[in-house]
Amino acid sequence: MTELVLRELRKTYASRGRPPVEAVRGIGLELRSGELLGLLGPSGCGKSTTLRMIAGLEAVTGGDILVGGGSVVKVPAQRRNIGVAFENYALYPPLTVAENLGFGLAARRRPRREVAARVRGMAERIGLTELLDARPGGLSSGQKQRVALARALIREPDVLLLDEPLSHLDAAQRDTTRRELKRIQKDLGHTTILVTHDQEEALSLADRIAVMKDGVIQQLGTPYEIYDSPANLFVADFVGEPAINLLPGVAGADGCVRLSEGVRLAVPVRLAAGREVVLGVRPEDLRLVGEDTAALRARVGAHEPLLEAGIATLALDGVAGPLVVQTGPEVRLDRGETVRVSADPRLTHVFDAATGEALR
Ligand SMILES: Nc1ncnc2c1ncn2[C@@H]1O[C@H](COP(=O)(O)OP(=O)(O)O)[C@@H](O)[C@H]1O
Ligand SMILES: [Mg+2]
């Protein structure tokens, strides 16, 4: 099994007549052997560029990549033994699924019998046995993504790189394939980076998540750490659905933060009076309560009752922007109705308004 280490990895795309694009700005990561790391960030933040450098499909501008302790930046792509499955499956249309799976092994002059046995074994594992004689053109997008995954795995790579591997699946397929992928990755024990812009996918699949923005890692942690203790406003806002409420305010002498003249919230950190902050409160950490002086009064703007939980969009007096609250499934609210909401100070996140960094 193999560790993967990135040190100060950089990529600047330079093209004549245009300003250079600093796609990756010195990132460092250490993956333990067998770990599944989710590389999560919005489109254009440098995720694919990072994978392409590790795979050897893109030259690095600076920094180092170590696979199993040895630098690979000067090793050509075909000698890195890294399995890749990218978003566009890049299957060969004239070949059958079996031939697509065996192609890389055959190209490396493995004996025919060995190739056939490995293709059968992998097909069984990934649930492709029935499709071995089919051609890519006749497969659903979910089946194609499974073939691409099997093809990446069959070479028994030291490191597995998956770039948005479930992006073409519909919601139901994505759920089952996600579970399958997690099981296969744990069974085979490949050190894996899974790139995604989908926070839910990263939260459900990854052992640890690296959140990336503008070519820089914003936070590295377990899904719980990322969700429960976001390091800055970007991470707080990017992870979580519905999104966290972000409420600007000013600290008062009483240790509370004022969101407006009459609206204040207790916070879990000691702040100097007058300090400008942004509070983050997740919709599921807010409660509708009965009469209670400590609670916030709010007007109901809208309520979407859902199956497991409802989502209420509320307005607080003098506070710009809505307050989104998760409600119980039995709750019924009318537009314009006045309700009371309470927040648990221990679950209220505080960020510096100027830097966006979490204050703990
Ligand atoms: N071959 C290239 N030439 C110039 N700029 C590129 C190239 N590939 C990617 N970029 C730019 O680098 C940045 C990161 O791209 P990419 O790694 O594809 O992001 P992501 O995969 O996170 O969406 C983007 O601004 C993108 O436009
Ligand atoms: Mg990409």
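Residues numbered from 1 in each chain as written. Chains lettered and ligands numbered in written order. Predicted model: local features only at pLDDT ≥ 70, side-chain atom pairs only at ≥ 80, totals over all residues. Heavy atoms only, no water.

Enquirer: Describe the sheet that holds strand S15 (residues 286-289), listing the residues and the values that go with them.
Expert: Strand pairing in a sheet relies on backbone hydrogen bonds, with the paired strands running either antiparallel or parallel. In spatial order, the strands read S15-S19-S16-S17-S18; together these five strands make up an open sheet with antiparallel pairing. The open sheet is flanked by S15 and strand S18 (323-327), the only strands paired with a single partner. Going across the sheet, the axis of each strand differs from the next one's by a mean of 50 degrees, ignoring polarity. In this sheet, S18 lies alongside strand S17 (residues 310-316) in antiparallel orientation, the contact comprising five bridges. When the sheet's bridge partners are listed, threonine 313 is paired in S18 with valine 324. (Pairing = 2+ DSSP bridges. Helix = DSSP H or I, 4+ residues; strand = E, 2+ residues; numbered from the N terminus. Axes fitted to C-alpha atoms, helices over the stretch in contact; angles between N-to-C directions.)

Enquirer: Please set out the domain arrangement of the protein chain residue by residue, giving values where relevant.
Expert: Domain boundaries in the protein chain define domain 1 (4-238) and domain 2 (246-352). One C-alpha centre belongs to domain 1, the other to domain 2, and the line joining them spans 39 Å. Domain 1 puts eight residues into the contact, and the matching count from domain 2 is six residues. Looking at the side of domain 1 facing domain 2, the largest losses of area belong to Tyr227, Leu233 and Ala236, adding up to 70% of the total buried there. One can count two residue pairs in polar contact (both at pLDDT 80 or more) joining domain 1 with domain 2. Counting residues per element, the ones that place at least two in the side of domain 1 that touches domain 2 are helix H7 (223-228) and helix H8 (233-238). Here the residues of the side of domain 1 that touches domain 2 sort into five nonpolar, one polar and two charged. (Domains from an automatic or database assignment. Contact = heavy atoms within 4.5 Å. Buried area = accessible area lost by both parts, 1.4 Å probe. Polar contact = N/O pair within 3.5 Å; in protein donor to acceptor, adjacent residues only side chain to side chain. Nonpolar A, V, L, I, M, F, W, Y, C, P; charged D, E, K, R; others polar.)

Enquirer: Tell me about the pattern of salt bridges, residues and numbers included.
Expert: Summed over all chains, the structure comprises 20 salt bridges. Taking the shortest distance from any N to any O, the salt bridge between glutamate 35 and arginine 32 comes out at 3.4 Å. Among the residues examined, glutamate 35 registers a relative accessible area of 4% and is labelled buried. When the shortest N-O distance is used, the salt bridge between lysine 186 and aspartate 207 registers 2.8 Å. Of this pair, lysine 186 sits in helix H5 (residues 171-188) while aspartate 207 sits in the loop between helix H6 (199-205) and strand S9 (208-213), and the two are 21 residues apart along the sequence. A residue is classified by how much of its surface remains accessible, and aspartate 207, at 27% relative accessible area, is partly exposed. Via salt bridges that share partners, Asp175, Arg178, Asp198 and Glu200 belong to a single interconnected network. (Salt bridge = Lys/Arg side-chain N within 4 Å of Asp/Glu carboxyl O. Buried < 20%, exposed > 50% of the residue type's maximum accessible area, 1.4 Å probe, protein only.)

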